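Observations on the model geometry
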Amino acid sequence: RRKMYQYICGMFGGPQQYDNAQLRPTHYNMNITDYHFDAMLELFSQCLTELGVHPDANKDVVAATGKIRKDLTTGCTVRMELAKKNMEKGKDGLFKRLGGQEGITQFIDRLYDLVAVDNRLKSKFGGKDLKKMKEGQYVYMTELLGGPKVYKGADLVEIHKGVGLTDYEFDCFLANMEKALTGLGMEDETVDEVIVTSEDIRAPLLNRARGLAAHAKLVDGKSVLERFGGEMNVEAVVEMMYGGFRGDPRVRFFYEFTKEKLEQWKLKMTQVMVGAFGGAITYEDSKLRTSHYKLNITDYHFDAFLENFWVAAELMETESAVIQDAVDVLGHVRKDVTSGCTVRLEVARKRVESAGTDGLYEACGGEEGLRLFMDKLYEHICVDSRIQHYFSGSKLDAVKSVQGQYLSVIFGAPIQYTGRPLDRVHSVMSISDYEFDCFLESAQTALREVGADGSSIDEAIVIMETARRDVLINRKPHDVRKTQEAASAKSVYERIGGDGGISNFVEQMYEKATADVRTKSFFEKNKAKVSVHKKQLVSFLSKLFGGPSSYELSDVRAAHYTLNLSDYHFDCLLDIFSSVFKEMGVKPRDQQDAIQLLQPIRSDVTTGYTVRMEMARKNVEKGKDQLFKRLGASEGITQLVEMWFNIAKSDARLKDAIGDSIDKMKAGATIFLVELLGGPKAYKGRSLGEIHRSIDINDYHFDALIGDFSRALLGAGHPDNLIDEVMVTVEPVRAEVLEKVRAAMDSVLMRDGKSLLERFGGDMDLETAVEGMYDKAVEDSRVRFHFEKAKAKQRQVRRKMYQY
């Protein structure tokens, strides 16, 4: 009791009074199985409930305690699994090692001598004819332990019906068997094999035909399966779990299936659960062990599996009590799923403990073998799309050299590691369990390719596994609920209404875009082109929103590169998109998700314009005098304006806004453009805003004028880069010309006489928002790189963001 208190006190954050290193050796030779550990967790949870501990705290305590499972159960698991492996070769060897018929007789005699004086078993054996019992046991145990098949007695279930044996009494009986065999001088391996063989009769002796799990969870005569909602609900939970697994870095590595294998997995998982929950058994429990034995599935992974199950069941609105019973039932397959990994890694660990790593270094081929291993390893990881981004760049050879040195040292090479500590090296990375598992997979493959044997590979993986904590120094808690909700959510395509909904959206959006002066010039086309463009938009949006479209999103940039679409235009389009969504009755959350999917397309749509304008701007910054000369000075610009106005006169888009006044504008436009494009300062007229105040001109008209001017430049034979420079120089004029339009747009910042800052809540709220945004940005892997700075620098950036 004192040691348990000391250990738990330290584990929960109190004073450390227990040497944690003693936990595994203390329990190693005890026959503590997962069944016993689960029973202890259940009792612990019950006590916390009785003490009035909050359910969330109770759950956290049980989860924290569950992390020591491996330390308590590994010894028993390894011994039992190794014994089972030996038994699979045949029991005749065990029968001989026990001394044949004579040896088993001595064993039974000694066993019943112990049972007769064991107070724990008096209620079952006291007053009974032990001599008669022994005679039956001689025959039964002879056959059970590999001797001739001569037992013709009654079935064990019938014999023990009504006896009321408990797990406690069976464990006591097994403990006496172990004492009897040890007293007769049997080797530990032989004792383990006898215990493993006897363990198989626990269920029939305790009248549990299919084990404790499902039958012990009957409530009001209903099985776990019935209370869970039947097989269809199990199928739905399995579906949701898979979505969670694909986004859970702890277990994702084990769930990367082909489409065909995925369907097989879902079917088998459903069959396992249905059978375990009390339904029809269509999947043999024995297959679980063989199918998982060679996988490196640990208790850590199994706990992640159970957490995903719990959350999936909660999302299906299953009662907590039913979920708990289902988790208890599933806990019974833990050993079948994890024992292979546990045994292989424990055997490898013991080899390292007893012989050191020198043997592994030599088994891998020494210095030359490790060099070949590193070459093979890097061949794999550099082409593995899952982790190759960590292994690229000009310093790759240096990374490979240091990593090779580190692995050589931990494999037993007689050299010193001279690199930085692993935790420091990886402190700037955010490597996940999934990526570490991918690396280990490549390491296993490379070791096989250089000829390492199975035991050496296991040993190497055990040693590399010890580095996981330092490599995953930035590992963050995984939000299972958030992942499953996202995975099980319908796509935006489905939520908007599929093809029909998107087609309807495109029709309405197109109508608004052609009526909106800000975007009209990009959507005005002849009927044939409009029809084609609409079809392309439907296909594009279907693909982007998660629908069955063959549109290649990589084509977006090429299609828009030569168009003069800026961020301003893109924001206008998003504004139109939002208004159409509202009119269609699309839910606010769905509108938000759709706009979020559209935002990443911004760069593809605007990059062409942005790059051309930026290059032109850099040239203009060198001085407009060169631009003036390249345009042919005043004479060239005058001719250019003449061509421009001739084109504009026949432009139907400008007729209503400018009409007959276009000729009057020519002289003033010529003087203004000569000065604007780098010529002598001769313009003395009114401001552009004042001139255009009486003219009903908007973005659409301005785009038309700019387009006509571009055609005039092209017609005059000027190169593309010079045209871009002219456009960059002329574009700022838009705001001045459209003064009243801009004023109307700026008024958005004012509502009911209050500025946006006032409506936001003032300086204090804005400062709090900036602080919160910065903290979130530092945690967000998409932008973290740009916000990770020293504290002093962080304060500067936060202040400047607030000021801006």
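Conventions we followed
Starting from 1, residues in each chain are numbered consecutively following that chain's sequence as written. In keeping with the predicted nature of the model, local features appear solely for residues at pLDDT of at least 70, side-chain atom pairs appear and are counted solely at 80 or more, and the whole-chain, interface and lining totals rest on all residues. Only hydrogens and water are removed before side-chain values are computed, so all heavy atoms of the structure are retained for them. Using a 1 Å grid laid over the protein atoms alone, points where a 1.4 Å probe fits but cannot get out form a cavity; open sets with protein on both sides within 12 Å along at least 5 of 7 lines form a pocket; any residue with an atom within 4 Å of a point counts as lining. Grid points are joined across faces, edges and corners, and a volume is the space filled by probe spheres set on the points. Helix and strand assignments follow DSSP, with helices taken as H or I runs no shorter than four residues and strands as E runs no shorter than two, numbered in order from the N terminus. By the convention adopted, Pro, Cys, Tyr, Trp, Phe, Met, Ile, Leu, Val and Ala count as nonpolar, Lys, Arg, Asp and Glu as charged, and the other residues, Gly among them, as polar. Angular values range over 0 to 180 degrees, each being the angle between N-to-C directions of two axes fitted as lines to C-alpha atoms, with helices fitted over their stretch in contact. Any angle between 65 and 115 degrees counts as roughly perpendicular, while under 35 counts as roughly parallel, over 145 as roughly antiparallel, and the rest as oblique. For any helix crossing, the convention is left-handed if the near helix is rotated counterclockwise from the far helix by under a right angle, and right-handed if that rotation is clockwise. The contact criterion used throughout is that any non-hydrogen atoms of two residues lie within 4.5 Å. Under the convention used throughout, the expected extent of a helix is 1.5 Å for every residue step, that is, one less than its residue count. Values of bend correspond, residue by residue, to the angle between axes fitted over the seven residues ending at that residue and the seven starting there. For each residue, the accessible area found with a 1.4 Å probe, counting protein chains only, is set against the maximum for its type, and the residue is called buried under 20%, exposed over 50%, and partly exposed in between.

Counted as a void, the second largest pocket has a volume near 1500 Å³. Those elements that place two or more of their residues in the lining of the second largest pocket are helix H32 (520-523), helix H33 (527-544), helix H34 (555-560), helix H35 (567-584), helix H37 (602-621), helix H43 (699-715) and helix H44 (720-730). When residues in the lining of the second largest pocket are grouped by element, the largest group, seven residues, is from H35. The class makeup of the residues in the lining of the second largest pocket is 25 nonpolar, eleven polar and twelve charged.

This brings us to the packing of helix H3 (residues 34-50) against helix H4 (residues 55-65). Between H3 and H4, the shortest axis-to-axis distance is 10 Å and the interhelical angle comes to 155 degrees. Overall, the two elements H3 and H4 adopt an arrangement that is roughly antiparallel. Relative to H4, the crossing made by H3 is right-handed. Note on element contacts: H4 touches H3 through Asn58, Val61, Val62 and Thr65, opposite Phe37, Leu41, Phe44, Ser45, Leu48 and Thr49. Residues belonging to the contact of H3 with H4 are distributed by class as follows: six nonpolar, four polar and no charged.

Now for empty space enclosed by the protein. Scanning the model with the defined rule gives two cavities of 30 Å³ or more in all. Computed from the structure, the second largest cavity encloses a volume of approximately 40 Å³. With four residues, helix H5 (residues 69-87) is the single largest residue contributor to the lining of the second largest cavity. Split by residue class, the lining of the second largest cavity holds no nonpolar, five polar and three charged.

Residue pairs three or four apart in sequence face the same way in an α-helix, which turns once every 3.6 residues. For helix H9 (residues 130-144), spanning 15 residues, the distance from its first C-alpha to its last is 20 Å, which sits close to the expected 21 Å at 1.5 Å a residue. Along its length, H9 reaches its greatest deviation from straightness, about 25 degrees, at Gln137. Along H9, the residues classified as buried are Lys134, Gln137, Tyr138, Tyr140, Met141, Thr142 and Leu144. The first or second residue beyond H9 is Gly146, which carries a positive phi of 105 degrees.

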